[in-house]
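Spelled out, the chains give:
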Amino acid sequence: MGLLSIIKKQKLKDRECRCLVLGLDNSGKSTVVDWILATYKNRPRQSITPTVGFQIHTVPFRGHSVQLWDVGGQSTLRPYWDNYFDKTDVLLWVVDAAAIARLEESMGELTTILRNRDRLGYNCRIVVLLNKKDLAAELPTVLERLQRDLVREWRLENVPIEVRASNALDGEGLATLLPLVVWGREEPVEGQPPAAT
Ligand SMILES: Nc1nc2c(ncn2[C@@H]2O[C@H](COP(=O)(O)OP(=O)(O)OP(=O)(O)O)[C@@H](O)[C@H]2O)c(=O)[nH]1
Ligand SMILES: [Mg+2]
């Protein structure tokens, strides 16, 4: 292979981003992905049923190719999560912010994954999405608990965790998600990535 094609291939690779969407069942992962596909691929919104197994979608975003791995979150499927960790750039952890009773369970599962960073990869970035904000009357409490019990603790281990809130039905809070996934921040630095797909 010539040097030029190696460089070209590397450039393409640099523009690929693998985002693993995980979280408990019913947290809204597939609905979040559905909003992204409707927004960036003009796909009509679908009626969503619980995911059995996984689905992969590729979304073009400002010259990047974002691969979204939407994996089922039911407890019987969680032992298989480990199979999806390889080469993940971003772990998008979706939480049902209205299900306070399941917050411990969700944080427990995420903590187990973070303790196993050998598998996930040390460069993988973590984004926590507090979804169903439209139903989450206690969103500030959820946010506070998350900051106290998760974000602060993992910052000490040098694992920064970004937290966002969303409503996957109407897309509130999701417009900044792909920039965050692709660039690690909400807006590109001036003059950096190309504006169009
Ligand atoms: N009110 C409200 N409902 C939501 C929101 N996001 C998802 N839902 C609903 O929550 C339910 C579960 O959503 P899914 O997207 O299937 O959840 P999931 O995390 O993919 O679930 P599994 O595939 O079983 O792991 C569906 O009835 C969605 O319509 C939201 O932001 N607000
Ligand atoms: Mg699903």
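Bear in mind that the values here come from a model prediction, so they are computed numbers and not experimental data.

Enquirer: Can you explain the pattern of salt bridges? Please cite residues and give values.
Expert: Applying the stated criterion to the full structure yields 15 salt bridges. Across the pair Arg45 and Asp34 runs a salt bridge, and its minimum N-O distance is 3.0 Å. Of this pair, Arg45 sits in the loop between α2 (29-41) and β2 (54-61) while Asp34 sits in helix α2, and the two are 11 residues apart along the sequence. Classification of Asp34 as buried rests on a relative accessible area of 2%. Between Arg145 and Glu104 there is a salt bridge; the shortest N-O distance is 2.7 Å. Taken as a pair, Arg145 in helix α5 (residues 139-156) and Glu104 in helix α3 (residues 103-115) lie far apart in primary sequence, 41 residues in all. Residue class for Arg145 comes out partly exposed when judged on its relative accessible area of 23%. Its relative accessible area of 55% is what places Glu104 among the exposed residues. Salt bridges linked by common partners bring Asp25, Arg78, Arg102, Glu105 and Glu109 together as one network.

Enquirer: Describe the site of ligand 1, listing the residues and the values that go with them.
Expert: Residues in close proximity to ligand 1 total 20 residues, the closest being Lys29, Thr31, Thr51, Gly73 and Asp134. Contact between ligand 1 and Asn26: an oxygen atom at 3.0 Å from a main-chain N or O atom of the residue. Note that an oxygen atom of ligand 1 is positioned 2.7 Å from one of the backbone N or O atoms of Gly73. Here the element with the most residues in the shell around ligand 1 is α2; it accounts for 3 residues. Split by residue class, the shell around ligand 1 holds 6 nonpolar, 10 polar and 4 charged.

Enquirer: Would you mind going over the UniProt feature "binding site: Mg(2+)" (unreviewed entry) in the chain in detail, with residue names and values included?
Expert: As recorded in UniProt, the feature "binding site: Mg(2+)" (unreviewed entry) lies at Ser30 and Thr51. Maximum C-alpha separation among the annotated residues is 7.5 Å over a sequence range of 22 residues, consistent with a single clustered spot. Checked against the element boundaries, Ser30 lands in helix α2. Residues in contact with Ser30, not counting those within four places in the same chain, are Ile48, Thr51 and Asp70.

Enquirer: Got a sec to walk through the nonpolar core? Specific residues and values, please.
Expert: Across soluble globular proteins, nonpolar side chains have a tendency to be buried as a group. Core analysis: the largest hydrophobic core is formed by 31 residues, its most contacted members being Leu22, Leu91, Trp93, Val128, Leu130 and Ile161. Listed by contribution, the elements that provide at least two residues to this core are β1 (16-23), β3 (64-71), β4 (90-96), α3, β5 (125-131), α5 and β6 (161-165). At 6 residues, α5 tops the list of elements feeding residues into this core. The contact partners of Leu22, leaving out residues within four places of it in the chain, are Lys29, Val71, Trp81, Phe85, Leu91, Leu92, Trp93, Val94 and Ile113.

Enquirer: Talk me through the sheet that holds β6; I want residue IDs and the actual numbers.
Expert: The strand order β2-β3-β1-β4-β5-β6 describes an open sheet built from 6 strands, whose pairing is mixed. Of all the strands in the sheet, the pair left with one neighbour each is β2 and β6. Each strand of the sheet is rotated relative to its neighbour by a mean of 20°, with strand direction disregarded. In the sheet, β5 pairs with β6 via 5 bridges, with the strands oriented parallel. By the bridge assignment for β6, Ile126 is matched with Ile161. Across the sheet, α3 lies against β1, β4, β5 and β6, angled at about 165° from β4, the strand it touches most. Contacts from α5 reach β5 and β6 within the one sheet, and its direction differs from that of β6 by about 170°.

Enquirer: Account for the side chain of Arg18, with residues named and values stated.
Expert: In this fold, Arg18 is placed in strand β1. The buried charged residue Arg18 lacks any salt bridge partner; its closest oppositely charged side chain belongs to Asp89, at an N-O distance of 7.1 Å. Setting aside its immediate chain neighbours within four residues, Arg18 contacts Gln67, Trp69, Tyr84, Phe85, Asp86, Lys87, Thr88, Asp89 and Val90.

Enquirer: Describe the coordination of the magnesium ion (ligand 2), naming the residues involved and giving the relevant values.
Expert: The coordination sphere of the magnesium ion (ligand 2), as far as protein atoms go, consists of Ser30 (OG) and Thr51 (OG1), spread over 2.1 Å. A residue pair is termed long-range when its members are at least 10 positions apart, and Ser30 in helix α2 and Thr51 in the loop between α2 and β2 qualify at 21 residues. A single burial state applies to Ser30 and to Thr51, both of which are buried.

Definitions and limits used
- Residues numbered from 1 in each chain as written.
- Chains lettered and ligands numbered in written order.
- Predicted model: local features only at pLDDT ≥ 70, side-chain atom pairs only at ≥ 80, totals over all residues.
- Heavy atoms only, no water.
- Salt bridge = Lys/Arg side-chain N within 4 Å of Asp/Glu carboxyl O.
- Helix = DSSP H or I, 4+ residues; strand = E, 2+ residues; numbered from the N terminus.
- Buried < 20%, exposed > 50% of the residue type's maximum accessible area, 1.4 Å probe, protein only.
- Near = heavy atom within 4 Å.
- Polar contact = N/O pair within 3.5 Å; in protein donor to acceptor, adjacent residues only side chain to side chain.
- Nonpolar A, V, L, I, M, F, W, Y, C, P; charged D, E, K, R; others polar.
- UniProt positions renumbered as here; feature names shortened; annotations may be inferred.
- Contact = heavy atoms within 4.5 Å.
- Core = buried A, V, L, I, M, F, W, Y, C linked by side-chain atoms within 4.5 Å.
- Pairing = 2+ DSSP bridges.
- Axes fitted to C-alpha atoms, helices over the stretch in contact; angles between N-to-C directions.
- Lys, Arg positive; Asp, Glu negative; His and termini not counted.
- Donors = N, O, S within 2.8 Å, 3.2 Å for Na, K, Ca; no water.

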